[in-house]
Amino acid sequence: MGARLLPADGDPIRPAPTTELQIEVDGSLVAGVEGQSIAGVLLGSGILAWRTTSVGGRPRGVFCGIGVCYDCLVVVNGLRDVRACQRRAVAGDVVSTQHDPLPGSEESA
Ligand code: FES
């Protein structure tokens, strides 16, 4: 039996009980638990990409997971360029995906 299959009451670490929370992502409610980063909530709900690149519109999500690469940028409660891997999710957060066209491109006009 792998560690992931260990029943919670038999876990020798005895993790504290979790408190669920919900955030809104592009208009949909997404569930997570207190203490998770926004990236953790997104990944836990199966959302793997939430930003697109300026050139080519390629999907991006978590790359480094430690706040270095800035691949995971989202808009949180109206504040742009928040690193989803570094921002702890708070119940009721309103998150939207981000796409930044290059200045001077047809998209930015
Ligand atoms: S995943 Fe690299 S900064 Fe968030």
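In what follows, the structure referred to is the one given above.
Below, the structure is looked at part by part. For clarity, every value in this text was computed on a predicted model and none was experimentally measured.

Of regular secondary structure, the protein chain possesses one helix and eight strands. Overall, the protein chain shows an N-to-C arrangement of helices and strands of β-β-α-β-β-β-β-β-β. Its C-alpha atoms give the protein chain a radius of gyration of 17 Å, more than 25% over the compact-globule value 13 Å for 109 residues. Dimensions of the protein chain along its principal axes, counting C-alpha atoms only, are 60 × 30 × 20 Å. Looking at the protein chain residue by residue over its 109 residues, the buried ones come to 27%. Here the analysis covers contacts within the protein chain between residues at least 6 apart in sequence; of these, 34% occur between residues at least 24 apart. Surface exposure of the protein chain reaches about 7200 Å², of which carbon and sulfur atoms provide 54%.

A separate point is the pattern of salt bridges. Summed over the entire model, instances satisfying the criterion amount to four salt bridges. Where Arg 51 meets Asp 71, a salt bridge forms, and the shortest distance between an N and an O atom there is 3.1 Å. Of the two residues, Arg 51 sits in strand E3 (residues 51–52) while Asp 71 sits in the loop between strand E4 (59–60) and strand E5 (73–76), which places them 20 residues apart along the sequence. Between Asp 93 and Arg 87 there is a salt bridge; the shortest N-O distance is 2.8 Å. Taking relative accessible area as the criterion, Asp 93 reaches 4% and is therefore assigned buried. Judged by relative accessible area, which is 23%, Arg 87 ranks as partly exposed. Shared partners join several salt bridges into a network, and the residues in it are Arg 51, Arg 60 and Asp 71.

It is worth spelling out the sheet that holds strand E2 (residues 28–33) at this point. The pairing of strands in a sheet happens through backbone hydrogen bonds and is either parallel or antiparallel. Pairing is mixed in the open sheet, where five strands are placed in the order E2-E1-E7-E5-E6. A strand with exactly one partner marks an edge of an open sheet, and here the two such strands are E2 and strand E6 (79–83). Each strand of the sheet is rotated relative to its neighbour by a mean of 40 degrees, with strand direction disregarded.

Its location among the elements puts Val 33 in strand E2. Considering only alpha carbons, one finds Val 33 and Ser 105, 72 residues apart in sequence, at a separation of 40 Å. Setting aside its immediate chain neighbours within four residues, Val 33 contacts Thr 18, Thr 19, Glu 20 and Leu 21.

The rules behind the values
- Residues numbered from 1 in each chain as written.
- Predicted model: local features only at pLDDT ≥ 70, side-chain atom pairs only at ≥ 80, totals over all residues.
- Heavy atoms only, no water.
- Helix = DSSP H or I, 4+ residues; strand = E, 2+ residues; numbered from the N terminus.
- Rg over C-alpha atoms; globule rule 2.2 N^0.38 Å.
- Buried < 20%, exposed > 50% of the residue type's maximum accessible area, 1.4 Å probe, protein only.
- Contact = heavy atoms within 4.5 Å.
- Areas by Shrake-Rupley, 256 points an atom, 1.4 Å probe, with all protein chains shown as cover.
- Salt bridge = Lys/Arg side-chain N within 4 Å of Asp/Glu carboxyl O.
- Pairing = 2+ DSSP bridges.
- Axes fitted to C-alpha atoms, helices over the stretch in contact; angles between N-to-C directions.

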